[in-house]
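# Close look at the chain arrangement
Residue strings, one per chain:
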Amino acid sequence: MSIKPDVINEDDITEIYQVVMVGECGVGKSAVTMQFLKGFFLEDYEPTVDDRYQKIVNIEGTNVGLEIVDTAGQEAYSAIRDKYLREGDGFVLMYSVADRPSYEKIPELVKQIQKVRDSDRVPCVLVGNKSDLDPDDRISEEEGQELASSFKIPFYEVSAKGAQNVQESYISLIKLIRVQAGSIPRNNSSPSAKASRGMSVIRRQASDTDLEKKKGTAIGRLLAKIRQK
Ligand SMILES: Nc1nc2c(ncn2[C@@H]2O[C@H](COP(=O)(O)OP(=O)(O)OP(=O)(O)O)[C@@H](O)[C@H]2O)c(=O)[nH]1
Ligand SMILES: [Mg+2]
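Overview of the structure. (Residues numbered from 1 in each chain as written. Chains lettered and ligands numbered in written order. Predicted model: local features only at pLDDT ≥ 70, side-chain atom pairs only at ≥ 80, totals over all residues.)

What the protein contains, in helices and strands, is ten helices and six strands. Counting every position in the protein, which comprises 229 residues, the buried fraction comes to 41%. For the protein, contacts bridging at least 24 residues in sequence account for 68% of all contacts bridging at least 6. (Helix = DSSP H or I, 4+ residues; strand = E, 2+ residues; numbered from the N terminus. Buried ≥ 20, exposed ≤ 12 C-beta atoms within 10 Å, placed from the backbone. Contact = placed C-beta atoms within 7 Å.)

Right, let's talk about the site of ligand 1 for a bit. The immediate surroundings of ligand 1 are formed by 23 residues, with Gly28, Ser30, Ala31, Thr48 and Gly73 found nearest. Sorting elements by how many residues they give to the shell around ligand 1 places helix 1 (residues 29-38) first, with three residues. Considered class by class, the residues forming the shell around ligand 1 number nine nonpolar, eight polar and six charged. (Near = placed C-beta within 6 Å. Nonpolar A, V, L, I, M, F, W, Y, C, P; charged D, E, K, R; others polar.)

In this section: unusual backbone geometry. Among all residues except glycine, the phi angle is most often negative; among peptide bonds, the trans geometry is most common. In this structure, Glu60 takes a positive phi of about 50 degrees despite not being glycine. Mapping Glu60 onto the fold places it in the loop between strand 2 (51-59) and strand 3 (62-70). Notably, Asp118 is not glycine yet its phi reads approximately 55 degrees, a positive angle.

Another aspect to go through is the sheet that holds strand 5 (residues 124-129). The strand order across the open sheet built from six strands is 2-3-1-4-5-6, with neighbouring strands paired in mixed fashion. Each end of this open sheet is capped by a strand with a single partner; those strands are strand 2 and strand 6 (155-157). Strand-to-strand, the axes of this sheet are offset by a mean angle of 25 degrees, without reference to chain direction. Two elements, strand 1 (residues 15-23) and strand 3, share seven bridges in a ladder whose sense is parallel. Directly across from Met21, in strand 3, lies its bridge partner Asp70. Relative to strand 4 (residues 90-96), helix 4 (residues 106-117) is tilted by about 165 degrees, and along the sheet it contacts strand 1, strand 4 and strand 5. (Pairing = 2+ DSSP bridges. Axes fitted to C-alpha atoms, helices over the stretch in contact; angles between N-to-C directions.)

In terms of nonpolar packing, the biggest core is built from 49 residues, with Val92, Leu93, Met94 and Leu126 touching the most fellow members. With residues up to four places along the chain from it excluded, the contact list for Leu93 reads Val22, Gly23, Ile106, Leu109, Val110, Cys124, Val125, Leu126 and Val127. (Core = buried A, V, L, I, M, F, W, Y, C linked by C-beta atoms within 7 Å.)

Within strand 1, nine of the nine residues are buried, which leaves it mostly tucked inside the rest of the structure. The alternating pattern of strand 1 places Glu15, Tyr17, Val19, Met21 and Gly23 and Ile16, Gln18, Val20 and Val22 on opposite faces, both of which are buried. By the bridge criterion, five bridges tie strand 1 to strand 4 in an arrangement that is parallel. Looking across to strand 4, one finds that Val19 is bridged to Gly90.

Locating Thr14 in the fold gives a position in the segment before strand 1. A tally of 14 C-beta atoms within 10 Å means that Thr14 is categorised as partly exposed. Residues Thr14 and Thr62, spaced 48 residues apart in sequence, show a C-alpha to C-alpha distance of 7.4 Å.

With that settled, consider helix 2 (residues 79-87). Every α-helix carries 3.6 residues per turn, so stepping three or four residues along brings you back to the same face. Inspection of helix 2 places Arg81, Tyr84 and Leu85 among the buried residues, and these make up the whole buried set. Seen along its axis, helix 2 keeps its buried residues to an arc of 100 degrees; they face one direction. Check the buried side of helix 2 and you find it contacts strand 1, strand 3 and helix 4. (Arc of directions from axis to C-beta.)

Here helix 4 is twelve residues long and its end C-alpha atoms lie 17 Å apart, about the 16 Å a rise of 1.5 Å per residue gives. Restricting attention to buried positions, one finds in helix 4 the residues Ile106, Leu109, Val110 and Ile113. End-on view of helix 4: buried residues confined to an arc of 100 degrees, all on one side of the axis. What points out from helix 4, more than 90 degrees from its buried face, is the exposed set Glu108, Lys111 and Lys115. The secondary structure elements touched by the buried residues of helix 4 are strand 1, helix 2, strand 4, helix 3 (100-104), strand 5 and helix 5 (141-150). (Expected span 1.5 Å × (residues − 1).)

Given below as structure tokens:
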């Protein structure tokens, strides 16, 4: 991909989270990511290999560093996919409203996340992209909402093309991640999680377990720096 990622200036941020885009090939993960990061629509389809982007967003008065991992749809069920699922703080689960099989794959994806994380409380948002399209077999908004409700997660119909609900879906996910990070340690039994109870969100985010998982990645290095502050 030709677009250069933004670089996070670690002095500006107090929290960092990694958001992972998942869903079948061609549903629009890269297009939605680009619309969010750069405000333009990616018209051409170029299958993703593994792209990572950084951005600072201000949420509820806090500067939050985001790393967005744009995965390849064709990586489904591979060991590589498992690695993303272990690392992510939150997930955008995407289907295309114009592609029923992509909608029908979502429950498997949720199961896979829950299995890899051994938890059913991983922050996720369900996103039905390409809401500007209206083919005969379009997934209705009600079907999307019903699926999201069955997993008790937020739902948005979005359009990368029309820039509809793109910001809203990321913001709702980040808010979920922040709530979860502040209230329930990811791993109740680990000594670092126990020690971090009652401390700030960022300390918990940068637990030994998290650092180990993110070792070698740009976000891992930033987490380590913030932890030293
Ligand atoms: N009409 C319409 N087309 C879209 C929208 N979002 C993406 N597309 C198109 O759908 C095609 C696939 O989009 P990508 O973002 O590359 O899909 P992807 O999910 O990243 O695909 P992989 O990287 O292969 O997993 C591209 O031609 C996009 O322009 C949308 O909101 N509306
Ligand atoms: Mg892509």
